[in-house]
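Summary of structural features
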Amino acid sequence: MSASFTWQVQRFSDLTTTDLYAILALRQAVFVVEQNCPYQDADGSDERAWHLFARSDDGSLVAYARLFAPANEAPYSRIGRVISASSVRRQGLGRELMRRAIDWCRSQAPTAPIRLGAQTYLRAFYQSFGFVEISEEYLEDGIPHVDMERPA
């Protein structure tokens, strides 16, 4: 990565309206428009999540992941909504995003596994971080996915 990025992890309540707008805009640009997948992105989970994101030198939001620590209903950490802007792909930013997301999960719950729902074409990417498949392939919003877990 030749460019420098500023990373932040924040609770929903600590996000500025500018941050929230940029996060939602990036999620819509990638998941709804680019992947041609209309779905309800505002799913009621953002308020319980931590939000990991990177801004480029010009202030643009270029990478994002939504993080959840273990809870009573889910005894594992979760990483979701993993995205990088099309303008920065193939520069290693996605790998840095995942490293930081895993590190955050480990800092919150060192002995808990980490789960995610992966689009199937990204299996090998997530496997490179130690995730293994724990479900059969399924369709989510018309896109093939598989659940994966990284053991503690």
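Use the structure listed above.
Definitions and cut-offs
- Residues numbered from 1 in each chain as written.
- Predicted model: local features only at pLDDT ≥ 70, side-chain atom pairs only at ≥ 80, totals over all residues.
- Heavy atoms only, no water.
- Helix = DSSP H or I, 4+ residues; strand = E, 2+ residues; numbered from the N terminus.
- Rg over C-alpha atoms; globule rule 2.2 N^0.38 Å.
- Contact = heavy atoms within 4.5 Å.
- Areas by Shrake-Rupley, 256 points an atom, 1.4 Å probe, with all protein chains shown as cover.
- Lys, Arg positive; Asp, Glu negative; His and termini not counted.
- Charge placed at Lys NZ, Arg CZ, Asp CG, Glu CD.
- Core = buried A, V, L, I, M, F, W, Y, C linked by side-chain atoms within 4.5 Å.
- Buried < 20%, exposed > 50% of the residue type's maximum accessible area, 1.4 Å probe, protein only.
- Salt bridge = Lys/Arg side-chain N within 4 Å of Asp/Glu carboxyl O.
- Phe/Tyr/Trp six-rings, centres within 6.5 Å; stacked < 30°, edge-to-face > 60°.
- Expected span 1.5 Å × (residues − 1).
- 1 Å grid on protein atoms, 1.4 Å probe; cavity = no way out; pocket = protein on both sides within 12 Å on 5 of 7 lines; lining within 4 Å.
- Points joined across faces, edges and corners; volume = space filled by probe spheres on them.
- Nonpolar A, V, L, I, M, F, W, Y, C, P; charged D, E, K, R; others polar.

Digging into the overall build of the protein chain
Scanning the protein chain for helices and strands turns up 3 helices and 8 strands. The N-to-C order of helical and strand elements in the protein chain reads β-α-β-β-β-α-β-α-β-β-β. In terms of overall size, the protein chain behaves like a compact globule, its C-alpha atoms giving a radius of gyration of 15 Å where 152 residues would be expected to give roughly 15 Å. Along the first, second and third principal axes, the C-alpha set of the protein chain runs to 40 × 35 × 35 Å. Partitioning the contacts of the protein chain with sequence separation of at least 6, the portion at a separation of at least 24 is 59%. In the structure as shown, the protein chain presents an accessible area of about 8200 Å², 49% of it carried by carbon and sulfur atoms. The protein chain carries 16 positive and 19 negative side-chain charges, and their two centres are separated by 4 Å.

Some details on the environment of I134
Along the polypeptide, I134 turns up in the loop between β6 (132–133) and β7 (138–140). For I134 and V146, which are 12 residues apart along the polypeptide, the C-alpha to C-alpha distance reads 7.6 Å. Aside from chain neighbours lying at most four places away, what touches I134 is R115, D147, M148 and E149.

Some thoughts on the nonpolar core
The tendency in soluble globular proteins is for nonpolar side chains to be buried side by side. Ranked by size, the top nonpolar core spans 36 residues in total, and within it W7, I79, M98 and F131 carry the most contacts. Elements represented by at least two residues in this core include exactly β1 (5–11), α1 (17–34), β2 (50–56), β3 (61–68), β4 (77–84), α2 (93–108), β5 (114–119) and β8 (143–150). The element that contributes the greatest number of residues to this core is α2, accounting for 7 residues. Beyond its immediate stretch of four places on either side in the chain, M98 contacts I79, V82, L116, F125, Y126, F129 and F131.

Looking at the pattern of salt bridges
Across all of its chains, the model carries 12 salt bridges by this definition. Salt bridges sharing partners connect three or more residues here, namely R27, D41, D43, D46, R66 and R81.

Some details on the packing of aromatic side chains
Within the structure shown, the criterion is met by 4 aromatic pairs. Ring geometry for W50 and W104: centres 5.7 Å apart, planes at 45°, overall tilted. Of the two residues, W50 sits in strand β2 while W104 sits in helix α2, which places them 54 residues apart along the sequence. On the basis of relative accessibility, which here comes to 23%, the residue W50 falls in the partly exposed class.

With respect to α2
For α2, built from 16 residues, the straight-helix expectation of 22 Å at 1.5 Å per residue is met to within 8% by its first-to-last C-alpha distance of 23 Å. Taken together, the buried positions of α2 are occupied by L93, E96, L97, M98, A101, I102, W104, C105 and R106.

Regarding the environment of L122
Among the secondary structure elements, L122 is positioned in the loop between β5 and α3 (123–127). On the basis of relative accessibility, which here comes to 24%, the residue L122 falls in the partly exposed class. Residues L122 and V146, spaced 24 residues apart in sequence, show a C-alpha to C-alpha distance of 9.6 Å.

Observations regarding the layout of surface pockets
Here the largest pocket is characterised by a volume of approximately 1100 Å³. Lining the largest pocket are 43 residues, with F31, V82, Q119, L122 and Y126 positioned closest to its centre. Contributions of two or more residues to the lining of the largest pocket are made by α1, β3, β4, α2, β5, α3, β7 and β8. For the lining of the largest pocket, the element with the highest residue contribution is β4, accounting for 7 residues. Looking at the lining of the largest pocket residue by residue, the class counts come to 21 nonpolar, 10 polar and 12 charged. Its boundaries defined by the atoms lining it, the second largest pocket holds a volume of some 210 Å³. As for the second largest pocket, its lining consists of R48, W50, F68, A69, P70, A71, E73, A74, Y76 and R78. Residue composition of the lining of the second largest pocket, grouped by class: 7 nonpolar, no polar and 3 charged.

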